[in-house]
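Commentary on secondary and tertiary structure
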Amino acid sequence: MPWVDEKRCIGCAICVNLCPTNAMKMKNAYAVIDMQNCIRCGKCHEFCPQDAVRHDSEKIPMEIQENIQKTKDMMKYFKTLEEKRAFLERTIKHFNKEKTVAEKTMDEIKKIEV
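We now examine the overall build of the protein chain. From N to C terminus, the protein chain includes four helices and four strands. In the protein chain, the succession of helices and strands from N to C terminus is β-α-β-β-α-β-α-α. Over its C-alpha atoms, taken along the principal directions, the protein chain stretches across nearly 55 × 40 × 20 Å. A total of 114 residues make up the protein chain; the buried ones form 22% of that total. Excluding contacts between residues fewer than 6 apart, the proportion of contacts in the protein chain whose partners are at least 24 apart in sequence is 49%. As presented, the protein chain carries roughly 9,100 Å² of accessible surface, and 55% of it is formed by carbon and sulfur atoms. Taking the average place of the 21 positive charges on the side chains of the protein chain and the average place of its 18 negative ones, the gap between the two points comes to 4 Å.

Written out as structure tokens, the structure is:
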């Protein structure tokens, strides 16, 4: 999902004016994206003169670290080594399920005819 780097955004509102679904808005002099309305058309990426609209792939390392930190934070609720290991196994199962959903979704999307 796209996101806006506030350090790069100059508040020109070009992306806001070009967004076909009005998902781009100005807030505190910066563009923001309402992800509920974003259709991922790429116009905001394409026309931002400051390259402030960024690709979500840039956030992968940060998201991984957030997941790791959240997992470590939740470990405190488990007392024994056995409970902690079981929790980690369940956490891995959770991420495997998310991965499976993503992979199967991509497979089905590839079958959509245009």
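One way to put it is that helix α3 (residues 60-75) packs onto helix α4 (residues 81-110) with a least axis distance of 11 Å and a crossing angle of 150 degrees. In terms of orientation, α3 and α4 fall into the roughly antiparallel class. Along this stretch, α3 crosses α4, giving a crossing that reads as right-handed. Contact residues: α3 offers N67, T71, M74 and M75, while α4 offers K84, F87, L88, T91 and F95. Along the lines of polarity and charge, the residues of the contact of α3 with α4 split into five nonpolar, three polar and one charged.

As a further point, take the nonpolar core. Of all hydrophobic cores here, the largest spans 15 residues; its most connected members are V4, C15, M24, A31, I33 and V53. Of all elements in the fold, only α1 (14-18) and β3 (30-33) reach the threshold of two or more residues within this core. Residue contacts for V4: discarding those within four places in its chain leaves C9, M24, A31, V32, I33, A52 and V53.

Next up on the list: the side chain of T71. One can find T71 in helix α3. On the basis of relative accessibility, which here comes to 14%, the residue T71 falls in the buried class.

With that settled, consider the confidence of the model for the protein chain. A residue-level look at the protein chain finds 100% of positions with pLDDT of 70 or above and a mean pLDDT of 95. Predicted confidence in the protein chain is weakest over helix α2 (residues 43-47), with a mean pLDDT of 91, and strongest over α4, with 98.

This next bit is on the pattern of salt bridges. Within this structure, the stated rule accounts for six salt bridges. For D51, the salt bridge is made with R54, and the minimal N-O distance between the two is 2.7 Å. Accessibility expressed as a relative area gives 11% for R54, which makes it buried. The salt bridge involving E98 is made with K97; its shortest N-O contact spans 3.1 Å. Given a relative accessible area of 46%, K97 falls into the partly exposed group. It is possible to trace a salt-bridge network through shared partners that takes in D5, R8, D51, R54 and E58.

Positive phi values are uncommon outside glycine, yet R40 reaches one of about 55 degrees. For R40, the position within the fold is in the loop between β3 and α2. R40 gets classed as partly exposed once you look at its relative accessible area, which sits at 44%. Of note in this structure, D51 is not a glycine but carries a positive phi near 55 degrees.

Conventions adopted
- For every chain, the first residue of the written sequence is number 1, and numbering continues from 1 onward in sequence order.
- Confidence filtering applies because this is a predicted model: local features only for residues at pLDDT of at least 70, side-chain atom pairs given and counted only at 80 or more, and all residues used for totals across whole chains, interfaces and linings.
- Side-chain measures here rest on the full set of heavy atoms in the structure, leaving out hydrogens and waters.
- A helix here means a DSSP run of H or I that spans at least four residues, while a strand means a run of E at least two residues long, and both kinds are numbered starting from the N terminus.
- Three labels apply to residues, based on accessible area from a 1.4 Å probe with only protein chains included: buried if under 20% of the type maximum, exposed if over 50%, partly exposed otherwise in between.
- We call two residues in contact whenever any of their non-hydrogen atoms come within 4.5 Å of each other.
- Using a 1.4 Å probe, the Shrake-Rupley method yields the accessible areas, and only the shown protein chains count as cover for residues.
- Positive residues here are Lys and Arg, negative ones are Asp and Glu, while His and the chain termini are left out of the count.
- Taken as the charge location is NZ of Lys, CZ of Arg, CG of Asp or CD of Glu.
- In this description, a line fitted to the C-alpha atoms serves as the axis of each element, helices being fitted only across the stretch in contact, and the angle between N-to-C directions of two axes falls anywhere from 0 to 180 degrees.
- Oblique is the label for every angle not falling under 35 degrees (roughly parallel), over 145 degrees (roughly antiparallel), or within 65 to 115 degrees (roughly perpendicular).
- Whether a crossing is left-handed or right-handed is set by the direction in which the near helix is turned from the far one by less than a right angle, anticlockwise for left-handed and clockwise for right-handed.
- Three categories are distinguished: nonpolar for Ala, Val, Leu, Ile, Met, Phe, Trp, Tyr, Cys and Pro, charged for Asp, Glu, Lys and Arg, and polar for the others, with Gly belonging to the last.
- Residues grouped as a nonpolar core are buried Ala, Val, Leu, Ile, Met, Phe, Trp, Tyr and Cys residues, joined through side-chain atoms within 4.5 Å.
- Each residue carries a pLDDT score, the predictor's own confidence in it, on a scale running from 0 to 100.
- For this analysis, a salt bridge means a side-chain nitrogen from Lys or Arg found within 4 Å of a carboxyl oxygen belonging to Asp or Glu.

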